[in-house]
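# Close look at the chain arrangement
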Amino acid sequence: MNKKKTMQDKMNRQYLLLIVPGMVIFTIGVILPLLLALRYSFTSWDGMTVEKDFVGISNYINLWKDANFRQAWWFTIKFTIANTIVQNVFALLFAVALDSGIKAQKIYRTILFIPCLVSAVIVGFVWLKLYSNVLPELNEIFGTNINFLLFGDGKTVLRGLVIANNWQWIGYWMLIYLAGLQSVPSDLYEAAKVDGANAVQRFFNVTIPMLAPAITICVVGITTGSLKVYDLLVSSTGGGPGRASTSVIQMIYATAISGRQYGYGSAMSVTLVVILLMVAMIQVKGLKSKEVQS
Amino acid sequence: MKKKALSLFLCSAMTVSMLTGCGGSGDGGAAEAPAADTAQDTEAPAAAEEEPAEAEAPAASTDGEEVTLTVLAGQSTTDAGIEDMIDAALAEKYPNITLEWECTGWDGEFHPKMQQYMQSGLPDIIIGKAQDVNTYASQGLLGEIDAAYLDRGLDAARENVTFDGKTYGLVYNALYQGVYYNKTMFAENGWEVPTTQEELQAIIDDCNAKGIVPFASHMVDTWSIGNVTMQFMMNDVFNNTPDWGDQFREGKVSFAEDQAAQTAYSYNKLIFDNTYPETFSTEQTDCDARMVLGEAAMKVSGSWSIQNFLDIDESFDFGIFPFPNQTGDSKLIFEPNIAIMTSAETEHQDAVNCVLDVLSGDKELAVEIVDFTKTASMLKDVTPTYTNPSQADIDAYAAKGMIVDVTLGNNQLVWGGFQEENAADIAAYLQGDISFEDCLAASDARVGSSSAQ
Amino acid sequence: MAKFGRSKQSEDITSKPYTMSTFAVQVVMTVVALVFLFPLFVILNYSFKTKKELYLTSPLKLPDSLQWANYEAALKKLNLTTTFTNTFIYTAISVLLLALLCGVTAWAISRGKGKFFKFSFVYFVIGILIPFQALFLPIYTIGYKMHLTNTRYGIIFMYVATGISFGVFLMNSFMSTVPLELEEAARIDGCSVVKTYFVIVFPLLKPAFATLIIMQAFQIWNDYLLASLYVSKKGLKTLTVAIQSLFSAQASDYTTAMAAIVVSVLPISILFLSLQKYFIKGMTVGAVKG
């Protein structure tokens, strides 16, 4: 017994040694920045000078009063909610369609997937051109009068960005749903059929519960991905028109770096991290408990 | 097996890429070849220009050991590419000096990079805009530029980069800003160049009556709103109160109360009401193309539009005039652009001087750069050779002394964090998101970020 | 391998009958696919036009003749050999290091006994929930204080540090596929812990490594924020950063920019098409109950 224990201790020490390199790198690259952000957020540092004056929580108080920061959050939240709903629904729909036994399924899969290989910076630029130059041309051809100038108005810019973002990512999430669908044992469907369930009932009573792990992955992935949106905006709207599409990360960049208010920008970062952590935890908890039930 | 194949693929690809990585740096060598012919012609005039006193300083490193200087360049897109020209000219005259370039967008990463280098030591040479000299010289980071090189430039180039009698920047070229107008269209409709708001309004009314768009604009680019706002501020605010920005920080004036500043802001509305309805979806190139095609009569802009105009139609005839102010005495805006700064703590002052020698002395290079960037040279006796239909207008305003340096305004009210942010508010106001009063109040609230110091 | 469920090709495509409604779905999906292809068509179309065609003719009109000059200009402006090589080096080295580190860390965490190992797992996983984008400010400060900016090892270090969380999490979920008996047998034969890992465990994790490498490679390849903050010297830039500079303010050269997009997307698309199977396996792991 004793011998076994010392054996395990010895092994533990070796396991520990194996963890150390990864932990050191991770700590320097991610945890240390987190602590630094926390520290700077209590100063009025401009990012340039040597002195960093401690100002207590005044940055956080100012944040609370900052209308632009609230607007950036509001945009980010709307963008996130819209993406989470639209992307999940369409990804699942397309996955079901591809799984329905249509011919050349692989070709469709590839076509829908390819946009997510393109960097978001490029996607933003391409959609800027599409909305302002290319799509209005369709009106000329078909004699229609659809408003394609989505980036040009604060009221439609969100819609425009959500479409661009979905074009890029639907294929990705669709793949995950497709894999989930293909792992549903067909005898479950047979059993449901025998019980007299129609196609819609089978979808909600068999497919959806079986897809629970995939749904968790997609919902968490899309939410956290949308909350940190930045690359897509850089080369499309640049946060405009006005401030209508300024995201939180973009605002941090503008405040801390271009605007030389590093301490204040750090307070924004800390706020973002806290909210991201909360959202992810709630989602994982909530969705996991659903998985267990099913 | 598959894993093996994959890792084998990755490994071999890595090795190949390492090898080509070395080859990549060889590109620089290849670029030197065409340098020979440019620099050959240059050598003679440049050498002749040099006075004995100047030749001394750089001489030290002419035959010296190999030196590599680090250069941080904050460029507008129209400037990208001049680094190759400078490399070529330098390689001819001082082959022992190599420049290690770090080119960033002036609007984007230039200032963050400077912040970074303030902590870890500045590069030997910094190429930015004239307004940056004030920002960084005040932190004691920049070295004084030797008069030998400054003397090769125009006197006007020194004015706003000199502090306490010391000059910290070599201003290389300049842009002009104002209202570009379609000359043919003006002639056909019998319009005269307006000097007052009433005259401008008359043209706008006539345009509207005839179905011509008065102003071309591309407000999708927030920077363009910021740019024209400073043009308006120069002629309606700074012309009467040259230290308006300092007074603003002292609390003596504010946007909420200053009539002149409000007028300057409200010109944006005048343009917005008289431009393409889809201006917030129109980019610069489309905007310029539509102006060239005769859709619009005028455009408040700067020299960067010239290249676009001529790309689309090389025979497009246009001129420039200053945007009329309330008092009818507007001046054409002149903006010293590329400014070469040096680190106060460089270890290679001799080599840095060699670079300054080439930049200020090599006229062939100067012509090449101003032709490429479609700008005016700030060196003596350097005349661009590109076609610029608006040159006659510029010369006329210059002869009458009706030109004003926008650095005055840009030094007092910085671009990053202030003008740029105000422009976003103005856009929000034009979009109807916020009221004009809110827009002014937001600018006032930003007073803490109005100066870089 | 049970994770991936039944194989795709063998069953469902053939098993489901092709009815009228399947045909309707086929038609709808064809329309969807065309809509998805449209932006790609626009990019290609623009990339072959002259500047004048771009402004003077309809954007949907095909070019009069193919302007390969745009591609020449794009190669030159992007400094393609250098930027491509850089992106490749950063991506390749980062993912290999990640594979090495994450595998061994996840294994040690799952095999070690005690509170510390449980804590370590949570510690790493927090990193998944905090995207580095939210911390770019201090990441950037640490970078220049430690002289990591504008160096190849600096950016690689950051990619490894920011990717490690996901890697450990992913590899950890594969550890149950490694039979403990094998490890114990090796230990009885006198293998050290390290040797056990490399001789027994490492070869069994092949699919996990393929997954990890592919997912990370694809993110690092397309990264913009970190690359723009960390590497800006001419010889060190990445493809995405070089492309972004073609789009920025006052740029007038859309034909070249579009050609540059084609050039930059092509390699990763070819890689995807040739390794599609791994990609899909990699992305769908965890979506399926094992």
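Residues numbered from 1 in each chain as written. Chains lettered and ligands numbered in written order. Predicted model: local features only at pLDDT ≥ 70, side-chain atom pairs only at ≥ 80, totals over all residues.

### Thoughts on the overall build of chain A
Of the regular secondary structure elements, chain A holds twelve helices and zero strands. In chain A, the succession of α and β elements from N to C terminus is α-α-α-α-α-α-α-α-α-α-α-α. Over its C-alpha atoms chain A spans a radius of gyration of 24 Å, topping by over 25% the 19 Å that the globule rule assigns to 294 residues. Taking the principal axes of the C-alpha coordinates as reference, chain A spans close to 80 × 75 × 30 Å. The 294 residues of chain A split such that 50% are buried. (Helix = DSSP H or I, 4+ residues; strand = E, 2+ residues; numbered from the N terminus. Rg over C-alpha atoms; globule rule 2.2 N^0.38 Å. Buried ≥ 20, exposed ≤ 12 C-beta atoms within 10 Å, placed from the backbone.)

### As for the domain arrangement of chain C
Partitioning chain C into structural domains gives domain 1 (2–72) and domain 2 (79–248). On a C-alpha basis, the centroid separation for the pair domain 1 of chain C and domain 2 of chain C is 33 Å. (Domains from an automatic or database assignment.)

### Remarks on the nonpolar core
Ranked by size, the top nonpolar core spans 303 residues in total, and within it Tyr177 of chain A together with Val355 of chain B carry the most contacts. No other element matches helix 5 (residues 80–111) of chain C, which puts 17 residues into this core. Other than its neighbours up to four places away in sequence, Val355 of chain B contacts Leu69, Leu90, Ile97 and Ile125 of chain B. Within the second largest apolar cluster, five residues are counted, among which are Leu413, Val414, Phe418 and Ala452 of chain B. (Core = buried A, V, L, I, M, F, W, Y, C linked by C-beta atoms within 7 Å. Contact = placed C-beta atoms within 7 Å.)

### Focus on the environment of Phe280 of chain B
You can see Phe280 of chain B is positioned in the loop between helix 11 (259–273) and helix 12 (284–292). Between the C-alpha atoms of Phe280 of chain B and Ala260 of chain B, which are 20 residues apart in sequence, the distance is 26 Å. In this structure Phe280 of chain B touches Gly152, Asp153 and Pro241 of chain A together with Met219 and Val220 of chain B, once residues within four positions along its chain are discounted.

### What to know about the interface of chain B and chain A
Chain B puts 23 residues into the contact, and the matching count from chain A is 21 residues. Only helix 4 (110–120) and helix 18 (415–430) of chain B provide two or more residues apiece to the side of chain B that touches chain A. Among the elements that make up the side of chain B that touches chain A, the one with the highest residue count is helix 18 of chain B (seven residues).

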